[in-house]
Amino acid sequence: MSRKIELYEVGPRDGFQNQKKYIPAENKLKVIDAIVGAGVKNIQVTSFVSPKAIPQMIDSAEVARVCLEKYPRLNIFALAPNLRGASNAYDCGIRTITYVVSLSKSHNKANINRSHEQSMEEYLRIRESMPDMNIILDLATTFGCPFEGKASTGEVVDFIGTYVEEGLKEVDLCDTIGVANPAQVREVISAVKAAFPELALQVHIHDTRNMGMVNTLAAIEAGVDKCQSALGGLGGCPFAPGASGNLASEDLVYMLNDMGFDTGVDSDKLILAAKTEFELLGEGNFSGHLMKIEKSACTGL
């Protein structure tokens with residue numbers, strides 16, 4: 001049997017959050033429907049953040065409730081950066097959230113306006129208030145920071161260790177600005193797995209330098225079986241200079257399926273989902289990626 005790789009689709013959150021023109025909830029849900037239709041089982045549908053910070057997420061409760069009601073058997077999760085966001089997600093029925101902390105102190109301040117100590121305090125408040133909430137740590141700038149450069153592998157392991165001591169079960173290693181290389185990815189993942197063999201791992205690799213595919217493949221070869229990506233390659237951190245789009249889900253699935261991995265996702269249907277997303281959002285949101293979407297949809301490749 002082929003090795004199973006789980007796709008974690010984050011486009012409805014990370015892909016949409018940077019769009020300047022508001023995307024109606026109806027259109028967001030149409031894109032999510034297309035993603036589900038392709039066979040994706042894990043979808044980050046929104047983020048529970050202040051609309052003042054991320055106006056695109058003003059309809060988070062509506063989107064979450066519709067998805068939970070429509071797809072009760074799927075892993076529907078959301079981003080929540082604080083206790084209030086986690087509480088709002090919980091009230092909608094969400095039971096898995098991603099909680100963002102940056103390895104870099106500077107980026108943590110720029111991204112969520114907290115010190116590392118304050119981030120830990122908030123994490124503990126969420127755990128205490130909602131003990132049945134599954135919290136995945138999104139470790140931003142794992143592989144490099146726009147302000148501080150690259151940290152050592154030892155610093156990554158030590159930082160994760162502080163959360164493991166507080167009960168963390170899963171971490172998502174994020175290349176927030178797309179500066180990682182395959183050797184670094186393998187080294188970091190090998191070290192984290194050696195230090196915390198029971199800790200579940202995900203990766204979230206940005207495609208700033210067209211390294212998203214090779215770095216994600218390096219993570220898989222190092223033992224990771226949960227990979228985040230965004231339909232159409234949309235997204236990027238709004239608080240990290242130079243962070244462009246995410247790795248495109250349709251590209252990742254095509255590669256993995258063609259290599260013999262079991263993703264459970266239909267590559268052709270996911271390409272058509274990306275085309276649907278383009279049609280709903282408009283040409284200005286896709287730049288050069290549209291050409292690949294159109295070519296793949298026409299040739300069936």
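Residues numbered from 1 in each chain as written. Predicted model: local features only at pLDDT ≥ 70, side-chain atom pairs only at ≥ 80, totals over all residues. Heavy atoms only, no water.

*Asks:* Which residues make up the packing of helix α10 (residues 249-259) against helix α11 (residues 267-281), and what values go with them?
*Replies:* Their axes nearest at 9 Å, the elements α10 and α11 cross at an angle of 170°. On the basis of their axis angle, the class for α10 and α11 is roughly antiparallel. Of α11, the residues touching α10 (which contributes Ser249, Glu250, Val253, Tyr254 and Asn257) are Ser267, Leu270, Ile271 and Ala274. Partitioning the contact of α10 with α11 into residue classes produces five nonpolar, three polar and one charged. (Axes fitted to C-alpha atoms, helices over the stretch in contact; angles between N-to-C directions. Helix = DSSP H or I, 4+ residues; strand = E, 2+ residues; numbered from the N terminus. Parallel < 35°, antiparallel > 145°, perpendicular 65-115°, else oblique. Contact = heavy atoms within 4.5 Å. Nonpolar A, V, L, I, M, F, W, Y, C, P; charged D, E, K, R; others polar.)

*Asks:* For unusual backbone geometry, give the residues involved together with the corresponding values.
*Replies:* One non-glycine residue, asparagine 113, lies in positive phi territory at about 60°. Structurally, asparagine 113 is set in the loop between α5 (105-112) and α6 (116-129). Although it is not a glycine, asparagine 210 adopts a positive phi angle of roughly 60°. Among the structural elements, asparagine 210 can be located in the loop between β7 (200-205) and α9 (212-221).

*Asks:* Tell me about the side chain of aspartate 14, and please be specific about residues and values.
*Replies:* Relative to the helices and strands, aspartate 14 resides in helix α1 (residues 11-15). Polar side-chain contacts of aspartate 14 include one of 3.1 Å to the side chain of asparagine 246. (Polar contact = N/O pair within 3.5 Å; in protein donor to acceptor, adjacent residues only side chain to side chain.)

*Asks:* Which residues make up the confidence of the model for the chain, and what values do they have?
*Replies:* Across the chain, pLDDT averages 91, with 90% of residues at or above 70. Low confidence marks residues 284-288, where pLDDT is under 50. Its contacts with residues over four positions away, or in another chain, come to nine contacts. Predicted confidence for residues 297-301 stays below pLDDT 50, and this span has eight contacts to residues more than four positions away or in other chains. (pLDDT = per-residue confidence, 0-100.)

*Asks:* Outline the pairing of strand β4 (residues 96-102), supporting the account with residue identities and numerical values.
*Replies:* Successive side chains on a regular strand alternate, one facing one side of the sheet and the next facing the other. Judged by how many residues are buried, β4 sits mostly within the fold: seven of seven residues are covered. Here β4 shows a buried face lined by Thr96, Thr98, Val100 and Ser102 and a second buried face lined by Ile97, Tyr99 and Val101. Read as a crossover between parallel neighbours, the route from strand β3 (residues 75-79) over helix α4 (residues 83-92) to β4 is right-handed. In this sheet, strand β5 (residues 134-140) lies alongside β4 in parallel orientation, the contact comprising seven bridges. Following the sheet pairing, tyrosine 99 is matched in β5 by leucine 137. (Buried < 20%, exposed > 50% of the residue type's maximum accessible area, 1.4 Å probe, protein only. Right-handed = clockwise from strand over helix to strand, strands pointing away. Pairing = 2+ DSSP bridges.)

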